[in-house]
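# Notes for the structure review
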Amino acid sequence: MYESITLSLTGNETTLSSNYFPSLNVYEDSEIALLCLQTFNSFPNINSSNNKFAIQVIDEYNNNNNENICYIALKTGCYEIVDINRQIKKQINFYNEENGTKITFDISVDHNDFRSYIQCNGIIMFNMINGIAPILGFEKRDYPPEYVTHRSEKAVNLNTINSIKVMCNIAQGSFNNHLQSHTIYEFFPSEKTGTKVVQSPPNLIYYKLNKINIDSITVQLVDQDFNQIENFGETLTVVLHIKRYGS
């Protein structure tokens, strides 16, 4: 029987698992807490679930008299508005060269109310599955070039991750709203994108274990909706402490 154990898990994904043989036997009143988490702030805000939209060329710019549609899909990554604007323009320029069209596009943000503004001479098709519209503050519908500039209905939402939950399959006693959860810690990285993230809780919170014979353990990072978080293969290290209650 172990009265105190420190477990360290390291890998290049946001799900870390380890098997133990023989199993680690602990007391019935044992608890677990997060000692330390280390990784890099490389959590993307654009991925395959929110990276798409299209622009339909209107007749004035359609040299072939066909329905030309430029489909845009951003690569998974950590983006600011200037990065989004640059990547969209790059794809549009390539489409214009290939099809002889003259699509123009530009997006900016008002830093007073964080609404985005788009200038485009085509029909912006935001009503798409896995579309980027919510990120830019727009509704999921088409925006014809009736006005010089389109103003978003809502503020830009580049921070798609509101909270990072550290989940541990052998822990119990936490709740998410009214549902039981395996969460042992929550945080939001305040560091700049690409820099080191170190989380060492000053006051450890221990959770009761749901087993006393530990033959395997899995730790996972998920967002506020329990979707697994990507990290571009950056190294993740999680250190856990198991001890008897009151010790």
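It should be noted that the structure appears before, not after, this text.
Computed from a prediction, not measured in an experiment: that's the story for all the values here.

### Some details on helix H1 (residues 81-99)
Between its first and last C-alpha, H1 extends 27 Å over 19 residues, near the 27 Å set by a 1.5 Å rise per residue. Of all the positions in H1, only Ile81, Ile84, Asn85, Ile88, Ile92, Tyr95 and Asn96 are classed as buried. The buried residues of H1 occupy an angular sector of 100° when the element is viewed end-on, so they sit on one face. For H1, the exposed residues lying more than 90 degrees away from the buried face are Val82, Lys90, Phe94, Glu97 and Glu98.

### Details of the side chain of Asn51
With respect to the helices, strands and loops of the structure, Asn51 is situated in the loop between strand S3 (30-40) and strand S4 (52-56). Residue Asn51 is classed as buried on the basis of its relative accessible area, which comes to 7%. At 2.9 Å, the side chain of Asn51 forms a polar contact with the side chain of Lys52. Dropping the residues within four chain positions of it, Asn51 is found in contact with Ile46, Ile72, Ala73, Leu74, Asn130, Gly131 and Ile132.

### Comments concerning the sheet that holds strand S11 (residues 164-168)
Strand order in the open sheet formed by four strands is S2-S18-S11-S15, with antiparallel pairing between adjacent strands. Looking at strand neighbours, the two that pair on one side only are strand S2 (15-25) and strand S15 (183-187), the edges of this open sheet. Each strand of the sheet is rotated relative to its neighbour by a mean of 15°, with strand direction disregarded. Pairing analysis gives four bridges linking S11 to strand S18 (residues 213-222), with the strands arranged antiparallel.

### A closer look at the nonpolar core
With 31 residues, the main nonpolar core has Leu7, Ile32, Ile217, Leu240 and Ile242 as its most contacted residues. Looking at this core, the elements with two or more residues in it are strand S1 (4-11), S2, S3, S11, S15, strand S17 (207-209), S18 and strand S19 (236-244). Apart from the residues within four sequence positions on either side, Leu240 is in contact with Ile5, Thr6, Leu7, Leu9, Ile32, Ala33, Leu34, Leu35, Cys168, Ile184, Ile217 and Val219. Core analysis: the second largest hydrophobic core is formed by 29 residues, Val57, Cys70, Ile72 and Phe105 among them.

### A look at the side chain of Thr39
Within the element layout of this structure, Thr39 appears in strand S3. Judged by its relative accessible area of 1%, Thr39 falls in the buried class. At 3.1 Å, the side chain of Thr39 forms a polar contact with the backbone oxygen of Thr235. Ignoring any residue separated from it by four or fewer positions in sequence, one finds Thr39 in contact with Thr195, Lys196, Val197, Asn231, Glu234, Thr235 and Leu236.

### Concerning unusual backbone geometry
Geometrically, the link from Phe21 to Pro22 is a cis peptide bond, its omega value of 0° lying close to zero. Relative to the helices and strands, Pro22 is located in strand S2. Even without being a glycine, Phe114 presents a positive backbone phi close to 60°. Of note in the backbone geometry, Phe226 takes a positive phi value of approximately 65° without being a glycine. Within the secondary structure, Phe226 is located in the loop between S18 and S19.

### Re the environment of Asn41
With respect to the helices and strands, the residue Asn41 is situated in the loop between S3 and S4. Overall, Asn41 belongs to the buried group, its relative accessible area being 8%. Taking the C-alpha atoms as reference points, Asn41 and Cys78, 37 residues apart in sequence, are found 9.5 Å from one another. If we ignore the near neighbours within four places in the chain, the residues touching Asn41 are Pro189, Glu191, Lys192, Thr193, Gly194, Thr195 and Val197.

Rules behind the numbers
- Per-chain numbering applies: the sequence of each chain, read as written, is numbered from 1 onward.
- Owing to the predicted nature of the model, reporting of local features is limited to residues with pLDDT of at least 70; listing and counting of side-chain atom pairs is limited to 80 or more, with chain, interface and lining totals taken over all residues.
- The basis for every side-chain value is the complete set of non-hydrogen atoms in the structure, without hydrogens or water.
- Each helix is a run of DSSP H or I of at least 4 residues and each strand a run of E of at least 2, with the numbering of both proceeding from the N terminus.
- The span you would expect from a helix comes to 1.5 Å times its residue count less one.
- Burial classes: relative accessible area under 20% of the type maximum marks a residue as buried, over 50% as exposed, and values in between as partly exposed (1.4 Å probe, protein chains only).
- What the arc describes is the spread of directions from the helix axis to the C-beta atoms.
- Any pair of N or O atoms that falls within 3.5 Å is considered a polar contact. Within protein, one atom must be able to donate a hydrogen and the other to accept it, and sequence-neighbouring residues count only if both atoms are side-chain atoms.
- Whether two residues touch is decided by their heavy atoms; if any such pair falls within 4.5 Å, the residues are in contact.
- In this analysis, strands are considered paired if DSSP registers two or more bridges between them.
- Note on geometry: axes are C-alpha line fits, over the in-contact stretch for helices, and angles between N-to-C directions span 0 to 180 degrees.
- Within this scheme, the nonpolar core is defined by two criteria: the residues are buried Ala, Val, Leu, Ile, Met, Phe, Trp, Tyr or Cys, and they are joined through side-chain atoms within 4.5 Å.

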